[in-house]
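Here are the chains, one letter per residue:
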Amino acid sequence: MTEMTRIVKTIANILFPFTMIFGLYIITHGHLTPGGGFQGGAVIASGCALLLVTYGSRWVLTRIKEKRLAAFESMGAIGFITIALLGIVFSMVFFGNFLAGSNLLFGNVPATGSTLADLNTGGVLPLMNFAVGVKVIAGLFVIILIMSYASSIKEWGQ
Amino acid sequence: MTYLEALIQHSVALIIAVPLLSAFLMPLVSRVHPILRNIFALLMLTVTGCFIGLLTTDVLANGPRIYIFGAKELTLPLVRILFEVDGINVFMAIITIILAIIAVIYSWSFLDKQDGLDKYYTLLLLVVTSALGMEMTGDVFNFFVFLEISCIASCALIAFWIAEGEALEAAFKYIVISSVGALFVLFAVGIFYAQYNALNIATIAQAIQFSFLDKIALILLVVVLGMKAGLAPMHMWLPDAYGRAPPSVTLVIMSATLASFYGVLRILFTLYGNILPTSIRFDLPLNVVLGWILIVLAVVSILIGVIMALIQSDLMRLIGYAAVAEVGYMFLAIGTTIAALGAPYATVALHGGILHVLNDALDIGLLFLVAGAIYYVTKKRSLDDIGGLARTMKFTTVFFIIGLLAVAGMPPLNGFTSKFLIYESVYQLNPILSIIALLCSILMLAIFIKVLYATFFGPELPELKDVKEAPKSMLLAMGIVAGLAIFIGLFPNLFLDSLVKPAADALLNHTQYITTIVGGI
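In this text the structure is predicted, and so the values were computed from the model without any measurement.

S.K.: It is not clear to me how the overall build of chain B should be interpreted in this structure. Could you clarify?
M.R.: Counting its secondary structure elements, chain B contains 19 helices and four strands. Relative to its length of 521 residues, chain B is compact, with a C-alpha radius of gyration of 22 Å against a globular reference of 24 Å. Principal-axis analysis of the C-alpha atoms places the extent of chain B at approximately 70 × 60 × 40 Å. A burial count over chain B gives 62% of its 521 residues as buried. Intrachain contacts of chain B at a sequence separation of at least 6 include 80% that bridge at least 24 residues. Counting only carbon and sulfur atoms, one obtains 70% of the accessible surface of chain B, whose full area is about 18,600 Å². Of the charged side chains in chain B, 25 are positive and 30 negative, and the gap between their average positions amounts to 6 Å.

Next comes the structure, spelled out in structure tokens:
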């Protein structure tokens, strides 16, 4: 993909931080509101796709290596399974929620009812959302990157 | 609680978790060194195999075992994801892990000069995970999820030799057929959830009513899983996929196929077990109708498999059609069991069918490994271009002879035992079926004798003068399979008594499966 005009770039520069923050918001609030790791990751990856469209695939490829993204993707999945395996160690059951009620990270147990405001709940669920988020960001971005690379091989050859 | 008890208790989850974790560690490990990657894959599958062994000894001694994810005990309403493992589950898991370990040993030298092997091993381990998950889960939706994982990962593996157009075509055909099939499974799961408000197999099996919607769900599930297992009218993807994928991949895809076959067993015997004897119309019980439909489809797949194998000139495709015929034998046994539910010979047929799952995996697997070895040294697929290989490839020739005798059901190899049990029991239902099965088996022997002469015997071809014997890891993989085939052939009772009979009992005694979960609340 070739780069676009200055107008498009300026708009993309303004929009990009908002997209990132919205995606991160969806990931961190995954255990409270609709959405979660996958949805937030998809939002962030679409922000990265915005960069790719406006600045062109060559510009992006000089800054980001797809091997590194692939490694991040693996790490997201490994993180997810590791948290599940830690459940066996700490609460004697696979996928056990060992952080809930522990007063540590995300350890609050809210009173029954609407507790949308308390982010510090959910036990291991937010951590798993982060792991899924990392996997989805890296995975979707590397797919878009490879597709744009494949489509621009012809252009570069000329 | 001792460590061993804790290990056995958690082995149900670890059997899924270990290959899944190692699949995603694979891209990182293979950055270090290619040999470390191969050792890691082998080691992790061996660890999984040890867990399966532990679980098998426990399940055979103490009956079904359940594992609840994320909670210590069951509470009502039953919303937990849970795995339930009984005799048939551990039997299938053993087959899957044997095939996976052999595939990894084989691909050590078979694919050593190829690109992208980190992704290959990742996908291979994912297929193994999905097959094990399908075989151990106690939840219909979970079954669908693992089915979908196996579709996508297998599709990418079938297209491994992407430079060949046919591999791409086979992969495309596979992904289209299996994703449409997986959606049908999802539809059936939705039907169950809408009616019974449950996704747990045991809970649905206890509550099932056989309403109009249940009939639709039964048809959808049997059709889709029969298709994934390679039953006749929907078998067209199987020879393509088996024939165009690398043989090591074929082995793991075969384990996913057999997991679908297990799905058919679980659905017919457990999920619909309570209502099998209900009569649907004209005093015809459901089990007789269903059994005869399966028998007809099975006979059609045996005939199609054998007749199409007769005219193939591509070796791997030929073996693919032989695999269709073998699937037909398994479904013939299952159909007989269901049609004659309660008769003494129904149990014999089920024993034959279940033992034939193991034998089919080993025999067809061995033939594919030999075909892969021939492709590795000659780079040719067609039977017309190869000949006289026995002069240089002595071990491979011996393995091929073992494989062909086993697949044709000749004593003293493993195929004989299971096929004999099938003939014997099917004869009591209807002698003609047994005669067709026997004749097709003889025809299969003739086909493979033809292949044996075309590839290994006959005059030496000038362009194949410098071929060498296959590398050691491939010979080792073939040797393990051949050894197992001979061992099962010589001591069939060992396997029948220790593994097959508990598996058949677990299927026939479906109330035990239900009460293990429903009674435990």
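S.K.: It is not clear to me how the overall build of chain A should be interpreted in this structure. Could you clarify?
M.R.: Each helix and strand counted, chain A has five helices and zero strands in total. A compact globule built from 158 residues would reach a C-alpha radius of gyration of about 15 Å, whereas chain A, at 19 Å, exceeds it by more than 25%. The principal-axis extents of the C-alpha atoms in chain A amount to approximately 60 × 30 × 20 Å. Per-residue burial over chain A gives 39% buried out of 158 residues. Partitioning the intrachain contacts of chain A with sequence separation of at least 6 by distance along the chain shows that 66% fall at a separation of at least 24. When the accessible surface of chain A is summed, it comes to about 8,800 Å², and 71% of that surface belongs to carbon and sulfur atoms. Charge centroids of chain A, computed over 9 positive and 5 negative side chains, lie 9 Å from each other.

S.K.: What am I meant to see in the pattern of salt bridges here?
M.R.: Oppositely charged side chains may form a pair once their charged atoms are brought near each other. Residue and element names in this part refer to chain B. Within the structure shown, the criterion is met by eleven salt bridges over all chains. Its salt-bridge partner being Glu164, residue Arg244 comes within 3.3 Å of it at the nearest N-O pair. Pair noted here: Arg244 is in helix H9 (residues 237-244) and Glu164 is in the loop between helix H5 (140-158) and helix H6 (165-196), with a separation of 80 residues, a long-range link. Just as Arg244 is buried, Glu164 falls in that class too. For the salt bridge of Asp240 with Lys173, the shortest nitrogen-to-oxygen distance reads 2.6 Å. With Asp240 in helix H9 and Lys173 in helix H6, this residue pair connects regions lying 67 residues apart in the sequence.

S.K.: Would you mind going over the interface of chain B and chain A with me for this structure?
M.R.: Size of an interface, as often reported, equals the accessible area lost when the parts are brought together. At the interface, 18 residues of chain B touch 18 residues of chain A. Here chain B and chain A share an interface that buries about 1,400 Å² over both sides, 78% of which is from carbon and sulfur atoms. Three residues stand out in chain B for area buried against chain A, namely His10(B), Leu21(B) and Phe24(B), and they jointly supply 32% of the buried area on that side. Our count for the contact surface shared by chain B and chain A stands at zero salt bridges. Between chain B and chain A we count two residue pairs in polar contact (both at pLDDT 80 or more) in total. For the side of chain B that touches chain A, the elements supplying multiple residues, two or more each, are helix H1 (3-32) and strand S1 (65-68) of chain B. With twelve residues, the single largest contributor to the side of chain B that touches chain A is H1(B). Its residues assigned to classes, the side of chain B that touches chain A comprises 13 nonpolar, three polar and two charged.

S.K.: I keep staring at the packing of aromatic side chains and nothing clicks. Help me out?
M.R.: Residues and elements named next belong to chain B. As enumerated under the stated definition, the model contains 28 aromatic pairs over all chains in all. Between Trp161 and Tyr375, the aromatic rings sit 5.2 Å apart at their centres with planes inclined by 45°, giving tilted as the arrangement. Note that Trp161 is positioned in the loop between H5 and H6 and Tyr375 in helix H13 (residues 344-378), a separation of 214 residues in sequence. Taken as a pair, Trp161 and Tyr375 share a single burial class, namely buried. Relative to Tyr242, the ring of Trp237 has its centre 6.5 Å away and its plane inclined at 80°; by these criteria the two rings are edge-to-face.

S.K.: Hey, could you run me through helix H18 (residues 492-508) of chain B in this one?
M.R.: What sets the pattern is the α-helix's 3.6 residues per turn: residues three or four places apart point alike. For H18(B), the principal kink sits at Val500(B) and spans about 40°; a proline, Pro502(B), occurs within the next four residues. For H18(B), the set of buried residues is Pro492(B), Phe495(B), Leu496(B), Leu499(B), Val500(B), Ala503(B), Ala504(B), Ala506(B) and Leu507(B).

S.K.: Just checking my understanding: could you explain the confidence of the model for chain A for this structure?
M.R.: Low pLDDT marks stretches whose predicted atomic positions should not be read closely. Residue-level pLDDT values for chain A average 86, and 95% of them are 70 or greater. By mean pLDDT, helix H3 (residues 57-63) of chain A is the weakest element of chain A at 84, and helix H1 (residues 6-28) of chain A is the strongest at 93.

S.K.: Quick question: what am I supposed to make of the nonpolar core here?
M.R.: Side chains that are nonpolar tend, in soluble globular proteins, to be buried together. Of all hydrophobic cores here, the largest spans 224 residues; its most connected members are Leu271(B), Tyr272(B) and Phe448(B). In terms of residues, this core owes the most to one element, helix H12 (residues 315-339) of chain B, which gives 18 residues. For Tyr272(B), the residues in contact, after removing those within four places along its chain, are Phe192(B), Ile208(B), Phe210(B), Asp214(B), Ala217(B), Leu218(B) and Ile267(B). With twelve residues, the next largest nonpolar core counts Ile44(A), Cys48(A), Leu61(A) and Ala138(A) among its residues.

S.K.: In this structure, what is going on with a positive patch on the surface? I would like to understand it.
M.R.: Residues Lys65(A), Lys67(A), Arg68(A) and Arg31(B) make up a contiguous surface patch of positive charge. Tracing the chain through its elements places Arg31(B) in helix H1.

S.K.: Is there a simple way to explain the side chain of Ser441(B) in this structure?
M.R.: Residues and elements named next belong to chain B. Relative to the helices and strands, Ser441 is located in helix H16 (residues 431-455). A distance of 3.1 Å separates polar atoms of two side chains, one belonging to Ser441 and the other to Tyr423. Residues in contact with Ser441, not counting those within four places in the same chain, are Tyr329, Ala408, Lys419 and Tyr423.

Cut-offs and rules
- Residues numbered from 1 in each chain as written.
- Chains lettered and ligands numbered in written order.
- Predicted model: local features only at pLDDT ≥ 70, side-chain atom pairs only at ≥ 80, totals over all residues.
- Heavy atoms only, no water.
- Helix = DSSP H or I, 4+ residues; strand = E, 2+ residues; numbered from the N terminus.
- Rg over C-alpha atoms; globule rule 2.2 N^0.38 Å.
- Buried < 20%, exposed > 50% of the residue type's maximum accessible area, 1.4 Å probe, protein only.
- Contact = heavy atoms within 4.5 Å.
- Areas by Shrake-Rupley, 256 points an atom, 1.4 Å probe, with all protein chains shown as cover.
- Lys, Arg positive; Asp, Glu negative; His and termini not counted.
- Charge placed at Lys NZ, Arg CZ, Asp CG, Glu CD.
- Salt bridge = Lys/Arg side-chain N within 4 Å of Asp/Glu carboxyl O.
- Buried area = accessible area lost by both parts, 1.4 Å probe.
- Polar contact = N/O pair within 3.5 Å; in protein donor to acceptor, adjacent residues only side chain to side chain.
- Nonpolar A, V, L, I, M, F, W, Y, C, P; charged D, E, K, R; others polar.
- Phe/Tyr/Trp six-rings, centres within 6.5 Å; stacked < 30°, edge-to-face > 60°.
- Bend = angle between axes of the 7 residues up to and from the residue.
- pLDDT = per-residue confidence, 0-100.
- Core = buried A, V, L, I, M, F, W, Y, C linked by side-chain atoms within 4.5 Å.
- Patch = residues over 30% accessible without salt bridge, like charges linked within 9 Å, V, L, I, M, F, W, Y side chains within 5 Å.

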